[in-house]
Amino acid sequence: MDPATLSEQAGGISMASSNTSKSSWMISRQTLPVLAGWLRVTDSAIALLLLLTGGCGIWWSIENVKPSRILASLMLSVYACCLGGMLLRYGTGCGKFMLMRDYGFMFSFLGRCAFLVLVGNLVWSCHPLGMACALITNLYSSMYFYIMWSHPAFSS
């Protein structure tokens, strides 16, 4: 008889027979407050990357962009800086009550995930770091989706 079948009959769950990967198993075993704490730290790191990308984008726009296109390039870079600052403010907990009042979506997994998708897709054109920042931010937002999909606290 197959070892996976024996394990299931004995009441255990075999990693070979389940569709759950090791990372999903590790995520589902963590409590939601522990995951939220780790994600808050990572949110701060992503926010610093967004601030760096926006700042470099502003500098690059002033130095290299044609005068007819500078406004659009500067605007996207300023958005990246502002939204990165907002994410950093959430990550550090600075002004929590005002942030909760004005940007309540940041305090839910789905709201933060949607925010990260928006920000990740805004920074594509911020040169010279925009592509890398957008890829990292979009991968990070897909991790949020994965946590919401696989963690037992989100199943109803």
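Attention here is on the structure that accompanies the text. Given the structure is predicted, the values throughout are model-derived calculations rather than measurements.

### Concerning the overall build of the protein
Consideration 1: From N to C terminus, the protein includes 7 helices and 0 strands.
Consideration 2: Starting at the N terminus and ending at the C terminus, the protein contains elements arranged as α-α-α-α-α-α-α.
Consideration 3: By the burial criterion, 33% of the 156 residues in the protein qualify as buried.
Consideration 4: For the protein, long-range pairs separated by at least 24 residues make up 63% of all intrachain contacts whose partners lie at least 6 apart in sequence.
Consideration 5: Carbon and sulfur atoms provide 69% of the accessible area of the protein, an area that totals close to 9400 Å².

### Overview of the pattern of salt bridges
Consideration 1: All told, the structure shown has 2 salt bridges when counted by the stated rule.
Consideration 2: Asp43 is the salt-bridge partner of Arg112, the closest N and O atoms lying 3.6 Å from each other. Of the two residues, Arg112 sits in helix H6 (residues 109–122) while Asp43 sits in helix H3 (residues 32–64), which places them 69 residues apart along the sequence. Summarising the burial analysis for this pair, Arg112 and Asp43 share the class buried.
Consideration 3: A salt bridge links Asp102 to Arg101; its shortest N-O distance comes to 3.0 Å.

### With respect to the environment of Gly130
Consideration 1: With respect to the helices, strands and loops of the structure, Gly130 is situated in helix H7 (residues 130–150).
Consideration 2: In this structure, the C-alpha to C-alpha distance between Gly130 and Gly54, residues 76 residues apart in sequence, is 8.3 Å.
Consideration 3: The contacts of Gly130, once residues within four sequence positions are left out, are Thr53, Val123 and Trp124.

### Here's the deal with a nonpolar patch on the surface
Consideration 1: The grouping of Leu71, Met75 and Tyr79 at the surface amounts to a nonpolar patch, some 330 Å² of accessible area in total.
Consideration 2: Mapped onto the secondary structure, Met75 falls in helix H4 (residues 70–92).
Consideration 3: A relative accessible area of 43% places Met75 in the partly exposed class.

### Focus on H3
A turn of α-helix holds 3.6 residues, and therefore any two residues three or four places apart point the same way.
Consideration 1: Over its 33 residues, H3 runs 46 Å from end to end, which matches the ideal 48 Å to within 8%, given 1.5 Å per residue.
Consideration 2: Along H3, the positions that sit buried rather than exposed are Leu35, Leu39, Asp43, Ser44, Ile46, Ala47, Leu50, Thr53, Gly54, Gly57 and Ser61.

### Observations concerning the environment of Val65
Consideration 1: Relative to the elements of secondary structure, Val65 occurs in the loop between H3 and H4.
Consideration 2: In this structure Val65 comes out as buried when scored by relative accessible area, which is 17%.
Consideration 3: Residues within four places of Val65 in sequence aside, it is in contact with Trp60, Ile70 and Ser73.

### Topic: the nonpolar core
In summary, soluble globular proteins display a tendency toward joint burial of nonpolar side chains.
Consideration 1: Counting residues in each nonpolar core, the largest one holds 25 residues, and the members touching the most others are Leu50, Leu87, Phe115, Val123 and Tyr144.
Consideration 2: Excluding residues within four positions of it along the chain, Tyr144 makes contact with Leu39, Asp43, Phe109, Arg112, Cys113 and Leu116.

Cut-offs applied
Residues numbered from 1 in each chain as written. Predicted model: local features only at pLDDT ≥ 70, side-chain atom pairs only at ≥ 80, totals over all residues. Heavy atoms only, no water. Helix = DSSP H or I, 4+ residues; strand = E, 2+ residues; numbered from the N terminus. Buried < 20%, exposed > 50% of the residue type's maximum accessible area, 1.4 Å probe, protein only. Contact = heavy atoms within 4.5 Å. Areas by Shrake-Rupley, 256 points an atom, 1.4 Å probe, with all protein chains shown as cover. Salt bridge = Lys/Arg side-chain N within 4 Å of Asp/Glu carboxyl O. Patch = residues over 30% accessible without salt bridge, like charges linked within 9 Å, V, L, I, M, F, W, Y side chains within 5 Å. Expected span 1.5 Å × (residues − 1). Core = buried A, V, L, I, M, F, W, Y, C linked by side-chain atoms within 4.5 Å.

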